[in-house]
Amino acid sequence: MGIREDVLEAARSLTERGTPLFSPAELIAAARSAGSTYADASLRTHVVSYMCKNAGGAYGGRYPDLLRVGRGLYRLAEAAPSDRASRRRPTGRQRPLRVVTDQPRPTHQEDWFSEANVQAAVVRHLVASGWRVLRVADTASREHGVDVDAERSGERLLAEVKGYPGTAYARGDRKGMPKSTRAAAQAR
């Protein structure tokens, strides 16, 4: 099976299990659980570029299998939003995902330290270490509480993930304006 098939299998599996919207980290974790041996970076590139119907760039949308529905959120392009899976009621502390389509793409400068990317790195490490990721929080909606829920050999791991503060405001009235507090001071 090729890398595209691994990603599609993972996306279909997540959708069938009641998670119609997923992050690249969730797709990678699902692909790993299904036995994919491709590098995380290759899987992620396929999700956000080659297989994303509405991705820009030279290779964007080569295979229109996925649709970007918000910052860091994807769904199967073949799955209509009215699917039975998308009407699933959240359980426990889970909140319904809010789909945001007018958010700008993150710039390269803010990309490496965003909470979403730190969370993805944590998920990759856990999966590589034999943990089964049960749930990943939606960083796009700034969901509070546990960010990663995983289990291994009867052990349960609940983790809260933090990104590194940027030098400019990312949202609100001051978006794009420089912050008066240094990032290192905020991170402490």
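Residues numbered from 1 in each chain as written. Predicted model: local features only at pLDDT ≥ 70, side-chain atom pairs only at ≥ 80, totals over all residues. Heavy atoms only, no water.

**Overview of the packing of helix 2 (residues 24–33) against helix 3 (residues 40–50)**
At a minimum axis distance of 10 Å, the contact between helix 2 and helix 3 shows a crossing angle of 125°. As summarised for this structure, helix 2 and helix 3 are arranged oblique, according to the angle between their axes. The interaxial crossing formed by helix 2 with helix 3 has right-handed handedness. Across the interface between the two elements, Pro24, Leu27, Ile28, Ala31 and Arg32 of helix 2 pack against Asp40, Leu43, Arg44, Val47 and Val48 of helix 3. Taken together, the residues of the contact of helix 2 with helix 3 sort by class into seven nonpolar, no polar and three charged. (Axes fitted to C-alpha atoms, helices over the stretch in contact; angles between N-to-C directions. Helix = DSSP H or I, 4+ residues; strand = E, 2+ residues; numbered from the N terminus. Parallel < 35°, antiparallel > 145°, perpendicular 65-115°, else oblique. Left-handed = near helix turned anticlockwise from the far one by under 90°. Contact = heavy atoms within 4.5 Å. Nonpolar A, V, L, I, M, F, W, Y, C, P; charged D, E, K, R; others polar.)

**What about the sheet that holds strand 3 (residues 132–136)?**
The strand order across the open sheet built from three strands is 3-4-5, with neighbouring strands paired in antiparallel fashion. Strand pairing shows two members of the sheet lacking a second neighbour, strand 3 and strand 5 (155–159), which therefore form its edges. The average undirected angle you get between the axes of adjacent strands in this sheet is 20°. Pairing analysis gives four bridges linking strand 3 to strand 4 (residues 148–152), with the strands arranged antiparallel. Bridge pairing in strand 4 links Val136 to Val148. Of the strands in this sheet, strand 3, strand 4 and strand 5 touch helix 5 (residues 115–128), which is tilted by about 5° from strand 4. (Pairing = 2+ DSSP bridges.)

**Focus on the packing of helix 1 (residues 3–16) against helix 2**
Packing of helix 1 against helix 2 brings their axes to within 8 Å, and their N-to-C directions diverge by 105°. By the angle class used here, helix 1 and helix 2 are roughly perpendicular. Contact with helix 1, carried on its side by Asp6, Val7, Ala10, Ala11 and Leu14, involves Glu26, Leu27, Ala30 and Ala31 of helix 2 and no other residues of that element. Taken together, the residues of the contact of helix 1 with helix 2 sort by class into seven nonpolar, no polar and two charged.

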